[in-house]
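# Examination of the molecular architecture
Take a look at the letters that make up each chain.
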Amino acid sequence: MEAVARPGRLKVFLGAAPGVGKTYRMLDEGRRRADRGTDVVVAFVECHGRRLTEEKLAGLEIVPRAERAYRGSRFEEMDLRAVLERRPEVALVDELAHSVVPGGGQAKRWQEVQALLAAGIDVITAVNIQHLESLNDVVEKITRVPQHETVPDEVVRRADEIELVDLPPEALRRRMAHGNIYAPEKVDAALSNYFRVGNLTALRELALLWLAGRVDEALQKYRAEHGIGGVWETRERVVVAITGGPEGDTLIRRAARIAARSAGGDLLAVHIARSDGLAAGASASALVRQRALVESLGGSYHSLVGDDVAVALTEFARAENATQLVIGTSRRGRVERFLTGRGSGETIVGLSEDIDVHMVTHERAGGGRLLPSRRRTLSTARLIAGPVLGLVVPFALTFLLDRTRGSLNLTSEALLFLLAVVGVACVGGVVSALVASVTASLLLNYWFITPVGEFTIAEPNNILALVVFAVVAGTVAAAVDRSLRLSRRAARATAEAETLSSLAGSIVRGDQAVPALLERTRETFGMDSAELSDAPDVNDPSTVMVPVGPGRHLVLRGRPLPASDRRVLAAFAAHVTVAVERARLAEAAAEIEPVKAADRMRTALLAAVSHDLRTPLAAGWAAIASLRADDVEFSEEDRGELLTTADESMARLSRLVENLLDMSRLQAGALKLELRATDLMEVLPAALDALPPEAPAVDTRSLEQAPAVLADPPLLERVVANLLNNAARHTPPGRHVLLTASALDDRVEIRVVDRGPGIPEADRENAFVPFQRLGDTDNTTGVGLGLALSRGLAEAMGGTLTPEDTPGGGLTMTLSLPAAPALAAQSPTQY
């Protein structure tokens, strides 16, 4: 086979609702390319009888469709093999989320599209926003119409081009009213159901927001590929720095208000796990609470490890293309600010460049505590201020004592100089202590020790005093330095513990998927990428590699990591190892589960049907054997009774076999459905005839005006018969079974009401388990397939079966099915 030089390019026309013109625009694009000389074919296009769309097909080559038989009917699908053999430059493929009729090798249309792309054929396709997997449940809540055909978001996200086909709700409704979307008989139902203004407006917003996210991803990719570090203010992205302190809630709400002022603004909260001022006083419980607050406000939470808070924070904001940065004012007091100089807030402002910085005041401002830097025990300001104070303080003290000469003796004066040296040592460390001790001893010797005005020592005690000066100053300075080092290590350990605690919390919350853990690892350590690799490039100095299992490694690229960060990385790698193993086990379990389910079904079937098959067979066999006996002369009455017994036994056996076959077809997905508009009175007589002679009367007076449902008549008859039989079995003598039906929106609810003992709410779902009856201790009362089969058949027809309490006592089974006119207003569904 000829090698494919490149994969094909995918262009997607995305719409918010049926009828906006996706197929029309797709065909228009195909005609435009064909006019330029491009080899374009129509692989599959569904015009739905729309005249203007059909006119666009004129002049385009159409690949004949493949015809396939399925469940007794014939359907037309795209002939994938014919398109691949034709090898056009561009193929037009409609309805990307469509489920393909079995027989073509692919289950979904999007999988066929991927096969075309892999063959080097460009594809132009169309899809509605309600068919995207991530929005499926949201659309169902809005429209109350489930969408059974979906396409993974990633398939559409990977498209080379996505073009939104937009139409205002009012214009779309006018198109509907003019008959440009559905047939005239379907217009009224469609306008009053799916195509309401509110539904269309919500779907339009979903489409715009989803596409905006895709555009933002493309922008971030472009900036990364071209090394663009500056902020492009395409939309407001607000980053708020939280420390785990009590002021975090105030900062988050302030940042949320800033983000809310701009439509589509994003809120990102980031915690830097570090041991300097911004991370001081962090509380794990506060961080958990603040994360929940961020997520409740529609934002996202991020946790990083950084050597320098200001640098890590501004780099994160720039990488996220943030436009605004919200930080709290310093919790340090005036003395700390004087001693340590510029804090993180001022540094962040200096590094922010074109990012706006908001410094928010809060109730804890100026009341915090400063922890030292990780890289050194003392800040730059203290390292500079210490030696200066070691010179200035002794001279200042000398000046004061000289003005009060005679009021203090030499001992007191020496103690004051010693106190000054200790104070300087606390501020500046060892070097400052040595400068202060030398300066103080010289000044004390020159100005206060006899003979005054000379650098001489007349008595041995004076020598001892000077030595004590130096020893005390050095000891105090060493103690200060050691204390600061221990504080730094403790703060670093706390930061690492907080990071691991946050990771463990995300695992508990269910964020243990391998991609999520890889992204969290990359984000935490500020790397460019994080991936699992079997053969990593170990020669790159910016590559960090950690084993996560036999032959596999966690590979991070971006910058070298210090040893202290590698300890935390090892913990992340352990979590990734567990997640990879869990994913592998889940895949293995998923493969085994169908086999186990089939085995359980086989075991349950063999155990359950033994009595039910044996009883009618034995009764019928005995009746027929008696009739064939030559040694017994039966009266006509006895002969008739034996024939009735044989007939009832065979009928019971036939019903049991039919139930078993239907249940097996349901669970195998091979049940044939022929849905059509069905009147309830059409299936009622046969359902009533299936009841035993001793069954109570059934009241059906309210069914004559019931609306038609979309159902398979024989299957609906089976469901109604099973429900009536179940109700009759539990209805006490002298009472009747009530069968009613009523319309509710676009559905019809059929209720079978009995006055029996009912079922406790906690046990109701057990009544629908195959091969058992509620409260059974053995299988002598039957296999219990009636309700299980009824629910299965109802769901196969697009309905539901739910039990409810009957007012005054008893059980009501509610069968909900689509009303025929309402469903006909929507796009046709193939079965």
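Before reading further, recall that the structure is shown in the block above.
A brief report on the enclosed structure follows. Residue numbering note: each chain is counted from 1, following its sequence as written. Since the coordinates come from a predicted model, pLDDT governs what is reported: local features require at least 70, and pairs of side-chain atoms require 80 or more to be given and counted, while whole-chain, interface and lining totals use all residues. Side-chain numbers here rest on the full set of heavy atoms in the structure, without hydrogens or water.

This part is about the overall build of the protein. Comment: elements are numbered from the N terminus, with helices defined as DSSP H or I runs of at least four residues and strands as E runs of at least two. When you go through the protein residue by residue, the secondary structure sums to 24 helices and 23 strands. When burial is assessed residue by residue, the protein has 43% of its 831 residues classed as buried. Shrake-Rupley sampling with a 1.4 Å probe provides the accessible areas, and residues are treated as covered by the protein chains on show and by no other component. Per element, the accessible surface of the protein, about 41500 Å² overall, is 56% carbon and sulfur. The cut-offs for exposure are 20% and 50% of the maximum accessible area for each residue type, with area from a 1.4 Å probe on protein chains only; residues under the lower value are buried, those over the upper are exposed, and the others partly exposed.

A few words now on the pairing of strand S12 (residues 324–328). The buried fraction of S12 amounts to five of the five residues, a majority that puts the element mostly inside the structure. Along S12, one buried face is formed by Gln-324, Val-326 and Gly-328 and the opposite face, lined by Leu-325 and Ile-327, is buried too. Looking at chain direction, S12 and strand S13 (residues 356–360) are connected through five bridges and run parallel. The residue bridging Gly-328 from the neighbouring strand is Val-360, located in S13. At least two bridges found by DSSP between two strands is the condition for calling them paired.

Excluding glycine, most residues fall at negative phi; most peptide bonds, likewise, are trans. Backbone geometry places His-48, a non-glycine residue, at a positive phi of 55°. Even without being glycine, Glu-95 reaches a positive phi, approximately 55°. Topologically, Glu-95 is positioned in the loop between strand S6 (90–93) and helix H4 (109–118). Given the relative accessible area of 25%, Glu-95 is considered partly exposed.

Next up on the list: the packing of aromatic side chains. Each Phe, Tyr or Trp ring, with Trp reduced to its six-membered ring, pairs with another whose centre is within 6.5 Å; inter-plane angles below 30 degrees give stacked pairs, above 60 give edge-to-face pairs, and intermediate values give tilted ones. What the rule picks out here adds up to three aromatic pairs. As a reminder, the over-ring test applies to NZ of lysine and CZ of arginine, requiring each to be within 6 Å of the ring centre and within 35 degrees of the ring normal. In this structure, Arg-109 is placed above the aromatic ring of Phe-44, and the distance from its NZ or CZ to the ring centre is 4.1 Å.

Only protein atoms enter the calculation, which uses a 1 Å grid: trapped sets of points that fit a 1.4 Å probe without letting it out are cavities, open sets showing protein on both sides within 12 Å along at least five of seven lines are pockets, and any residue with an atom within 4 Å of a point is a lining residue. Grid points are joined across faces, edges and corners, and a volume is the space filled by probe spheres set on the points. With the rule as written, the count across this model stands at two cavities of 30 Å³ or more. Approximately 60 Å³ is the volume attributed to the largest cavity. If you go around the largest cavity, the residues you meet are Ala-16, Ala-17, Val-20, Asp-166, Leu-167, Pro-168, Pro-169, Leu-172, Leu-200 and Arg-204. Only helix H7 (169–177) and helix H9 (197–225) provide two or more residues apiece to the lining of the largest cavity. Three classes are used: nonpolar for Ala, Val, Leu, Ile, Met, Phe, Trp, Tyr, Cys and Pro, charged for Asp, Glu, Lys and Arg, and polar for all others, with Gly counted as polar. Partitioned by chemical class, the residues of the lining of the largest cavity number eight nonpolar, no polar and two charged. By volume, the second largest cavity is sized at about 50 Å³. Forming the boundary of the second largest cavity are Leu-680, Val-683, Leu-684, Leu-703, Val-720, Leu-739 and Ile-750. A per-element tally of the lining of the second largest cavity places helix H21 (residues 680–689) first, with three residues.

Moving on to the packing of H21 against helix H22 (residues 713–730). Interhelical geometry of H21 versus H22 gives an angle of 50° and a closest axis separation of 8 Å. On the basis of their axis angle, the class for H21 and H22 is oblique. Along this stretch, H21 crosses H22, giving a crossing that reads as right-handed. Contacts from Leu-680, Glu-682, Val-683, Ala-686, Ala-687 and Leu-688 of H21 reach H22 at Pro-713, Leu-716, Glu-717, Val-720, Ala-721 and Leu-724. Broken down by class, the residue content of the contact of H21 with H22 amounts to ten nonpolar, no polar and two charged. Simply put, an axis is a line fit to the C-alpha atoms, just over the touching stretch for a helix, and the angle between two N-to-C directions goes from 0 to 180 degrees. To sort the angles, those under 35 degrees are grouped as roughly parallel, those over 145 as roughly antiparallel, those from 65 to 115 as roughly perpendicular, and the leftovers as oblique. Should the near helix be turned anticlockwise from the far one by less than a right angle, the crossing is termed left-handed; should it be turned clockwise, right-handed. Contact between two residues is taken to exist if any of their heavy atoms lie within 4.5 Å; hydrogens are not considered.

With parallel pairing, six strands are arranged side by side in an open sheet as S3-S2-S6-S7-S1-S8. Since the sheet does not close on itself, it has two edges, and those belong to strand S3 (61–62) and strand S8 (161–165), each with one partner. Of the strands in this sheet, strand S1 (10–15), strand S2 (40–44), S6 and strand S7 (122–128) are in contact with H4, which crosses S6 at around 180°.

Okay, the nonpolar core next. Here the nonpolar core consists of buried residues drawn from Ala, Val, Leu, Ile, Met, Phe, Trp, Tyr and Cys, with membership extended through side-chain atoms lying within 4.5 Å. Of all hydrophobic cores here, the largest spans 63 residues; its most connected members are Leu-92, Leu-116, Val-151 and Phe-195. Residue contributions to this core peak at six residues, all from H9. In this structure Leu-116 touches Met-78, Leu-80, Val-83, Leu-84, Ala-91, Val-93, Ile-121 and Val-123, once residues within four positions along its chain are discounted. With 40 residues, the next largest nonpolar core counts Leu-703, Val-709, Ala-711 and Leu-739 among its residues.

For the rest of this paragraph, the subject is the sheet that holds strand S15 (residues 543–549). Taken together, the three strands give an open sheet; going across it, the order is S14-S16-S15, and neighbouring strands pair in antiparallel fashion. Only two strands of the sheet have a single partner each, and these edge strands are strand S14 (529–533) and S15. Between one strand axis and the next, the sheet turns by 20° as a mean value, whatever way the strands run. One ladder, built from six bridges, connects S15 with strand S16 (residues 552–557); its direction is antiparallel. In the sheet register, Val-546 faces S16, and the bridge partner there is Leu-554. Docked against the sheet, helix H18 (residues 514–524) engages S14 and S16, running at close to 135° with respect to S14.

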